[in-house]
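# Observations on chain architecture
Residue strings, one per chain:
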2 protein chains.
Amino acid sequence: MKLITVRELYKNREAYLDKEITVGGWVRSIRDSKSFGFLVLHDGTFFETLQVVYHDTMENFAQIGKLNVGAAVIVKGTLVATPQAKQPFEIQAAEVTVEGASAPDYPLQKKRHTLEYLRTMTHLRPRTNTFQAVFRVRSLTAYAIHKFFQEQGFVYVHTPLITGSDCEGAGEMFQVTTMDLNNIPKTEDGKVDYSKDFFCKPTNLTVSGQLNGETYAQAFRNIYTFGPTFRAENSNTTRHAAEFWMIEPEMAFADLDDNMEMAEAMLKYVIRYVLENAPEEMNFFNSFVDKGLLDRLNHVLNSEFGHVTYTEAVKILEENNDKFDYKVSWGCDLQTEHERYLTEQVFKRPVFVTDYPKEIKAFYMKANEDGKTVAAMDCLVPGIGEIIGGSQREDDYDKLAARMDELGLDKEQYGFYLDLRKYGSTHHSGFGLGFERCVMYLTGMGNIRDVIPFPRTVKNCDL
Amino acid sequence: MKLITVRELYKNREAYLDKEITVGGWVRSIRDSKSFGFLVLHDGTFFETLQVVYHDTMENFAQIGKLNVGAAVIVKGTLVATPQAKQPFEIQAAEVTVEGASAPDYPLQKKRHTLEYLRTMTHLRPRTNTFQAVFRVRSLTAYAIHKFFQEQGFVYVHTPLITGSDCEGAGEMFQVTTMDLNNIPKTEDGKVDYSKDFFCKPTNLTVSGQLNGETYAQAFRNIYTFGPTFRAENSNTTRHAAEFWMIEPEMAFADLDDNMEMAEAMLKYVIRYVLENAPEEMNFFNSFVDKGLLDRLNHVLNSEFGHVTYTEAVKILEENNDKFDYKVSWGCDLQTEHERYLTEQVFKRPVFVTDYPKEIKAFYMKANEDGKTVAAMDCLVPGIGEIIGGSQREDDYDKLAARMDELGLDKEQYGFYLDLRKYGSTHHSGFGLGFERCVMYLTGMGNIRDVIPFPRTVKNCDL
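Residues numbered from 1 in each chain as written. Chains lettered and ligands numbered in written order. Predicted model: local features only at pLDDT ≥ 70, side-chain atom pairs only at ≥ 80, totals over all residues. Heavy atoms only, no water.

## Looking at the overall build of chain A
- A count of helices and strands for chain A gives 13 helices and 16 strands.
- Every one of the 463 residues in chain A was classed for burial, and the buried ones make up 61%.
- Within chain A, contacts between residues at least 6 apart in sequence are counted, and of these 67% link residues at least 24 apart.
- Element-wise, carbon and sulfur atoms account for 46% of the exposed surface of chain A, whose accessible area totals about 18100 Å².
- Charged side chains in chain A number 51 positive and 66 negative. The centres of these two groups are separated by 6 Å. (Helix = DSSP H or I, 4+ residues; strand = E, 2+ residues; numbered from the N terminus. Buried < 20%, exposed > 50% of the residue type's maximum accessible area, 1.4 Å probe, protein only. Contact = heavy atoms within 4.5 Å. Areas by Shrake-Rupley, 256 points an atom, 1.4 Å probe, with all protein chains shown as cover. Lys, Arg positive; Asp, Glu negative; His and termini not counted. Charge placed at Lys NZ, Arg CZ, Asp CG, Glu CD.)

## Regarding the packing of helix H4 (residues 129-151) of chain B against helix H6 (residues 256-277) of chain B
Residues and elements named next belong to chain B.
- Axis separation between H4 and H6 bottoms out at 9 Å; the angle between their running directions is 135°. Here H4 is positioned oblique relative to H6, judged by the angle of their axes. When the axes of H4 and H6 are compared, the crossing they make is right-handed. The segment H4 lies against H6, with Val 137, Leu 140, Thr 141, Tyr 143, Ala 144, Ile 145, Lys 147, Phe 148, Phe 149 and Glu 151 engaging Met 262, Ala 265, Met 266, Tyr 269, Val 270, Tyr 273, Val 274 and Asn 277. (Axes fitted to C-alpha atoms, helices over the stretch in contact; angles between N-to-C directions. Parallel < 35°, antiparallel > 145°, perpendicular 65-115°, else oblique. Left-handed = near helix turned anticlockwise from the far one by under 90°.)

## Side note on the environment of Met 173 of chain B
- Turning to its location among the elements, Met 173 of chain B is positioned in the loop between strand S7 (162-163) and strand S8 (175-177).
- Met 173 of chain B sits 33 residues away from Thr 206 of chain B along the chain, and the two C-alpha atoms are 7.6 Å apart.

## Some remarks on the side chain of Thr 215 of chain A
- Secondary-structure assignment places Thr 215 of chain A in helix H5 (residues 210-220).
- In terms of polar contacts, Thr 215 of chain A uses its side chain to reach the backbone carbonyl oxygen of Asn 212 of chain A, at 2.6 Å.
- Discounting chain neighbours no more than four positions away, the residues touching Thr 215 of chain A are Phe 416 and Leu 420 of chain A together with His 123, Pro 126 and Phe 454 of chain B. (Polar contact = N/O pair within 3.5 Å; in protein donor to acceptor, adjacent residues only side chain to side chain.)

## Re the sheet that holds strand S4 (residues 72-81) of chain B
- One closed barrel accounts for five strands, arranged S1-S2-S3-S5-S4 (chain B); its pairing is mixed. Adjacent strand axes in the sheet meet at a mean angle of 55° when their direction is disregarded. (Pairing = 2+ DSSP bridges.)

## What about the interface of chain A and chain B?
- Taken residue by residue, the interface counts 113 residues in chain A and 113 residues in chain B.
- Regarding the contact of chain A and chain B, the summed buried area is about 9100 Å², with carbon and sulfur atoms giving 63% of it.
- It is His 158, Leu 181 and Tyr 423 of chain A that lose the most area in chain A upon contact with chain B, and together they represent 9% of the buried surface on that side.
- Applying the counting criterion to the chain A and chain B interface returns four salt bridges. (Buried area = accessible area lost by both parts, 1.4 Å probe. Salt bridge = Lys/Arg side-chain N within 4 Å of Asp/Glu carboxyl O.)

## Some points on H5 of chain A
All names here are of chain A.
- Here H5 lies mainly inside the structure; eleven of its eleven residues are buried.
- The complete set of buried residues in H5 reads Gln 210, Leu 211, Asn 212, Gly 213, Glu 214, Thr 215, Tyr 216, Ala 217, Gln 218, Ala 219 and Phe 220.
- Phi turns positive, to about 70°, at Arg 221, one or two residues after H5.

## Considering the environment of Leu 205 of chain A
- For Leu 205 of chain A, the location among the structural elements is in strand S9 (residues 203-205).
- Residue classification places Leu 205 of chain A among the buried residues on the basis of a relative accessible area of 0%.
- Along the sequence, Leu 205 of chain A and Met 260 of chain A sit 55 residues apart, while their C-alpha atoms lie 29 Å from each other.
- Apart from residues lying up to four places away in sequence, Leu 205 of chain A is in contact with Leu 161, Ile 162, Thr 163, Met 173, Phe 174, Val 176 and Phe 230 of chain A together with Ile 162, Val 176 and Leu 205 of chain B.

## Description of the relation of the copies chain A and chain B
- Between chain A and chain B, which share one sequence, the superposing operator has a rotation angle of 180° and an axial displacement of 0.0 Å; the RMSD is 0.0 Å. The transformation just described matches what one would write down for a two-fold rotation axis. For chain A, the residue whose C-alpha comes nearest the rotation axis is Val 176 of chain A, separated from it by 2.4 Å. (Least-squares fit on C-alpha atoms with pLDDT ≥ 70 in both.)

## Quick word on the sheet that holds strand S6 (residues 155-156) of chain B
Residue and element names in this part refer to chain B.
- Ordered in space as S6-S10-S11-S16-S15-S14-S13-S12, the eight strands form an open sheet in which the pairing is mixed. Unpaired on one side and paired on the other, S6 and strand S12 (306-309) mark the two borders of the sheet.
- Taken together, the nine bridges between strand S10 (residues 222-230) and strand S11 (residues 243-252) define a ladder with antiparallel strand orientation. Counted as the bridge partner of Thr 225 is Glu 248 from S11.

## Quick word on unusual backbone geometry
- Unlike most non-glycine residues, Cys 200 of chain A shows phi in positive territory, near 60°.
- Within the element layout of this structure, Cys 200 of chain A appears in the loop between strand S8 (175-177) and S9.
- Positive phi is not limited to glycine here, since Lys 348 of chain B has a value of about 55°.
- Accessibility expressed as a relative area gives 53% for Lys 348 of chain B, which makes it exposed.

## Focus: the packing of aromatic side chains
Residue and element names in this part refer to chain A.
- Under the criterion given, the structure shown has 66 aromatic pairs over all chains.
- With a centroid separation of 5.4 Å and 65° between ring planes, the pair formed by Phe 363 and Tyr 414 is classed as edge-to-face. Note that Phe 363 is positioned in the loop between strand S13 (351-357) and strand S14 (373-381) and Tyr 414 in the loop between helix H11 (397-406) and helix H12 (415-419), a separation of 51 residues in sequence.
- With relative accessibility at 4%, the residue Phe 363 sits in the buried group.
- Taking the relative accessible area as the measure of exposure, Tyr 414 reaches 3% and is therefore buried. (Phe/Tyr/Trp six-rings, centres within 6.5 Å; stacked < 30°, edge-to-face > 60°.)

## Some points on the nonpolar core
- In terms of nonpolar packing, the biggest core is built from 184 residues, with Phe 174 and Ile 388 of chain A together with Phe 174 and Ile 388 of chain B touching the most fellow members.
- Not counting the four nearest positions on each side in its chain, Ile 388 of chain A is found in contact with Ala 263, Met 266, Leu 267, Met 377, Asp 378, Cys 379, Phe 431, Gly 432 and Leu 433 of chain A. (Core = buried A, V, L, I, M, F, W, Y, C linked by side-chain atoms within 4.5 Å.)

## Comments concerning the pairing of S13 of chain A
Residue and element names in this part refer to chain A.
- Counted residue by residue, S13 has six buried out of seven residues, so it is predominantly covered.
- Relative to S13, strand S12 (residues 306-309) is paired through four bridges, and the arrangement is parallel. Counted as the bridge partner of His 307 is Phe 352 from S13.
- Here six bridges tie S13 to S14, and the two strands are oriented antiparallel to one another.

## Here's the deal with the confidence of the model for chain A
- On average, residues of chain A score 96 in pLDDT, and 99% of them reach the 70 mark or higher.
- Interface predicted TM-score (ipTM) for the complex: 0.97; the corresponding pTM is 0.97. (pLDDT = per-residue confidence, 0-100.)

## Observations regarding helix H4 (residues 129-151) of chain A
- For H4 of chain A, built from 23 residues, the straight-helix expectation of 33 Å at 1.5 Å per residue is met to within 8% by its first-to-last C-alpha distance of 32 Å.
- Of the residues trailing H4 of chain A, Gly 153 of chain A is marked for its positive phi of about 80°. (Expected span 1.5 Å × (residues − 1).)

## Description of the pattern of salt bridges
Residue and element names in this part refer to chain A.
- Overall, the coordinates contain 38 salt bridges over all chains when judged by the stated rule.
- A salt bridge links Arg 403 to Glu 406, with the nearest nitrogen and oxygen atoms 2.5 Å apart. Linking Arg 403 with Glu 406, this pair stays in helix H11, spanning three residues, or about one helical turn.
- Judged by relative accessible area, which is 54%, Glu 406 ranks as exposed.
- In this structure, Lys 411 engages Asp 405 in a salt bridge whose closest nitrogen and oxygen atoms are separated by 2.7 Å.
- Bridged by salt links that share partners, the residues Glu 214, Glu 250, Arg 393 and Arg 421 form one connected network.

## Here's the deal with the packing of helix H7 (residues 279-288) of chain A against helix H8 (residues 293-301) of chain A
Residues and elements named next belong to chain A.
- In the contact formed by H7 and H8, the axes pass within 8 Å of each other and the chain directions differ by 120°. Here H7 lies oblique to H8, going by the angle between them. Residue-level contacts link Met 282, Asn 283, Phe 285 and Asn 286 of H7 to Leu 293, Leu 294 and Leu 297 of H8.
- Residue composition of the contact of H7 with H8, by class: five nonpolar, two polar and no charged. (Nonpolar A, V, L, I, M, F, W, Y, C, P; charged D, E, K, R; others polar.)

Listed below in structure tokens is the structure:
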């Protein structure tokens, strides 16, 4: 028995009108009178629901009337147009088969639940309107990113999750081990005996695939990563998760301008893809989550992104220091309040800030000729602040080695990375996009816990 | 300066013939005479190379002649057809700019290197023909899988990597912690004090996203996962890695037949996509890695997959027990030798083996009416054996709970999973495809270490 999806009915209704079809789904609401009743059915394939009309001519009329929200049913009947009604069509049911009842304590009822409440049931919340919309858009966003890069011939590289090194010594890391924590093997001098661990050395969960990605860009020219990354930071905010996904494209023979051009094209592509492929979901967000969302996204689609150097940006911000909690001066890192001021008040569109002081950026960024700044870029967008960070990479062996010495980095551990500057080095660039931050931007959702199916945060690792 | 890719030249040559273009890439080989020379250039975008002819009219003629393999150059010149030559065209260079020299100790020379040798330099091996082919096909395979499922409306779900539970108590797991291993916090009774750990409880790296995936199938109907999974097994074989990627689709309102139909369609789609989009690479594998590869894949494309129950399969195998190291009898797990015999000798095409004894399958598989077997399916393919494993899931609350009791599983830990059977349960099915095993199958590569960019195996976690 072939079940027609609700998506198919909405996309291709003419093919099914006045025909007998079978659908399967879950009851969103039910109301009945003496001789007939209405089931509102959602089958998970489409944001909209399907109304089912059933009658007391059915043997199990009484059973149906007693169904609870959440019950699974299979309905056979005729699709009929309902030009007078809110919905375009309904099913006049001939049979309603109860596939799985829903116990009386089903925690999702027809009324609206708070996001906080729904966070306590990550296995059930995808059945609600909000999370149907969020997680379909998340899926489409992921696909749009793959599609964008694949269409341009980028090679998708799976950089490793378990790693023996830490990229740029950024963030706190999770350690990975198979040793028995109740009984850690020790060497004669009382230290942890890593020769007894699975990899015979200390290993962590990756904080970035970039350095590995660069090795592939020097072979394939254009590559991207798309995989999980981890931060063991003790930050309990609406924007931090311990486990999140990152996209990190890396391009050989590309300078900072090429890098920004690619980032802008990618963001616009993804926005367009989601608007085109999830219009019902995006309208829902615009109506119930973030009123200005569609205007903002359409404005971004139609804007040329702005460009400003860090030094120029600091001048602008300094003149407005009375507006900020953290006062700005040259050399400081920009806070979200500054980033949002630049993109929302000054430029009124997305803007790239470039050429940051080298002290606040990573060792691998290309030194500018002024000796003070590096060829970095952050992309700031209205409503969020920084969404993308990238740079041209230092491709000169001596300069990179000198910078590593300055910062006290172990050049032996980074031998593979220095090799890229020794054997056919090219000017090259790349950036990182936090995937969850991108989904928050596209949906207007305010808490990262609500855009990750099973979020991991400090003290929280449920399911 | 816009660099034209070698891929673009091969795909769209008419647009560039007799025009001045600029390309960038890495030197694969070089030979010169007194007044001119040839550079063979590879730019990473296409499997084939580009020949560059340069002359002593250039200022840096001597410098070019001394370039080593691996050097990066930018070449400006005219693309001319070479109807007499092996390659279809070449560049008559006007300028060759050295972007980055290659030091004399560059470990990749023009001669063929062994895969073992190349495994010692995972950061350079993607520059060789074999790994160019492998990792482009890996990328295309990943994309084909996304494309297949997205085109059918499946929702891509990122199931968590760090988890507090273990799916089916399958393989050995890696523990994840932020505690200082030199100084593990202990409780008063001398046990590890997990309240001091990041998540306040023991956590591991996931071995499967299936159970989480099922929660989303009961909301979206059709979902798939595609992410890393981990096994801390001490197996040093050509087929085991500690970190690998898995695809796990899960479908509500789907029985075992629907499941097999989807698996067969997916495999055929991916094979077709790779053959169409990487013909040069696939020809290379067929010529240099695995002689019968293309025939085998084309045969699979054109076959209806076979179907046989485990019980029937065991009868067939028992009659041939003299051919096997491990003798077969009803109740035993099938070894690779048995699987390959079935698909290669008996069916001579891919075959689904169904309805395995419940004792050798996981707790969540749906009990058949015979009380002895479960609605499981493994897909066996020639040359590999098992490539996909799946089942219809037990959707009856009482049966599932009873089976969990039988096996001594903690029902509280699986409360979320039982909830799916309590609130709108549906018949549903899914399967798992090991991504690396799929890439090995498509390329003919024999060692899993050679299809993962940076493989992680026992005692090995380089870069």
